[in-house]
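What the coordinates show
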Amino acid sequence: MSKKVFPPAIIFNPTPVIMVSCQGADGKPNIITVSWAGVICSEPPMISISIRPNRHSNKLVRESMEFALNFPSASLIEKADYCGSVSGKSVDKFQEANLTPVPAKEIKVPIIQECPINVECKVRQIIPLGSHDLFIAEVVAYHLDEDIIVRTNKADIEKADPVAYLPGTLEYRRLGAVSGTYGFTKGKIKEVGT
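Residues numbered from 1 in each chain as written. Predicted model: local features only at pLDDT ≥ 70, side-chain atom pairs only at ≥ 80, totals over all residues. Heavy atoms only, no water.

1. Concerning the pairing of strand β14 (residues 171-174)
In this sheet, β14 lies alongside strand β13 (residues 163-166) in antiparallel orientation, the contact comprising four bridges. The residue bridging valine 163 from the neighbouring strand is arginine 174, located in β14. Connecting β13 to the next strand, β14, in antiparallel fashion are four residues, including leucine 170 with a positive phi near 60 degrees. (Pairing = 2+ DSSP bridges. Helix = DSSP H or I, 4+ residues; strand = E, 2+ residues; numbered from the N terminus.)

2. Here we look at the layout of surface pockets
Roughly 910 Å³ of volume is contained in the largest pocket. Forming the boundary of the largest pocket are 32 residues, of which Phe71, Ile117, Leu144, Ala155 and Ile157 lie nearest the centre. Among the residues forming the lining of the largest pocket, the class breakdown is 25 nonpolar, three polar and four charged. Its boundaries defined by the atoms lining it, the second largest pocket holds a volume of some 400 Å³. Thr33, Val34, Ser35, Arg55 and Gly84 are the residues nearest the centre of the second largest pocket, which is lined by 16 residues in total. Where the lining of the second largest pocket is concerned, the elements lending two or more residues are β3 (29-34), β5 (46-51) and α2 (77-85). No other element matches α2, which puts four residues into the lining of the second largest pocket. Of the residues in the lining of the second largest pocket, the class split is seven nonpolar, six polar and three charged. (1 Å grid on protein atoms, 1.4 Å probe; cavity = no way out; pocket = protein on both sides within 12 Å on 5 of 7 lines; lining within 4 Å. Points joined across faces, edges and corners; volume = space filled by probe spheres on them. Nonpolar A, V, L, I, M, F, W, Y, C, P; charged D, E, K, R; others polar.)

3. A look at the nonpolar core
If you look at soluble globular proteins, the nonpolar side chains tend to sit buried side by side. With 22 residues, the main nonpolar core has Val20, Ile47, Ile49, Phe67, Leu69 and Cys121 as its most contacted residues. Contributing elements (two or more residues each) for this core: β2 (18-23), β3, β5, α1 (56-64), β6 (66-71), β9 (117-128) and β10 (133-144). The next biggest cluster of nonpolar side chains, apart from the first, holds 14 residues, and it includes Met19, Ala74, Leu99 and Val163. (Core = buried A, V, L, I, M, F, W, Y, C linked by side-chain atoms within 4.5 Å. Buried < 20%, exposed > 50% of the residue type's maximum accessible area, 1.4 Å probe, protein only.)

What follows is the structure, given as structure tokens:
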């Protein structure tokens, strides 16, 4: 089958839906929903998020050098969309979205009680990239709702019911059925030309 070539664009599908809680020097917590995020290192555990420089949350994260990733379940998608669509400069998103800020363990920024998975992060580096600033952060603690834990420190993804975002179509989607597990093809696929 032939392929059609397009100009450079962001087409990674799907991307995560993450409600980032943050707060600045004034101590007022805020939430921004992002999808430009990912794991970047295992040891130490590190992640990255990207936030536009003109966003209120960018300023807050720069002031505190901390944030929390809060992974909403599908039942929270309206609240997640709301928190990504309005500015925290003039709106208390916790109050307006009826979300509960809960003290974190290792950072001063609160986590979101209603999200089944929360990850506390400390910023180690900020890199301006263009339309977005890249915040590289170390994971310092994570929280799982007790009812989604299936193995030691592991979440049952079906119970967590996370949501993905598709930038190309601007849609939120639930995750589907399991397609395989890491390493299940080991030794079963031969390289071409061998």
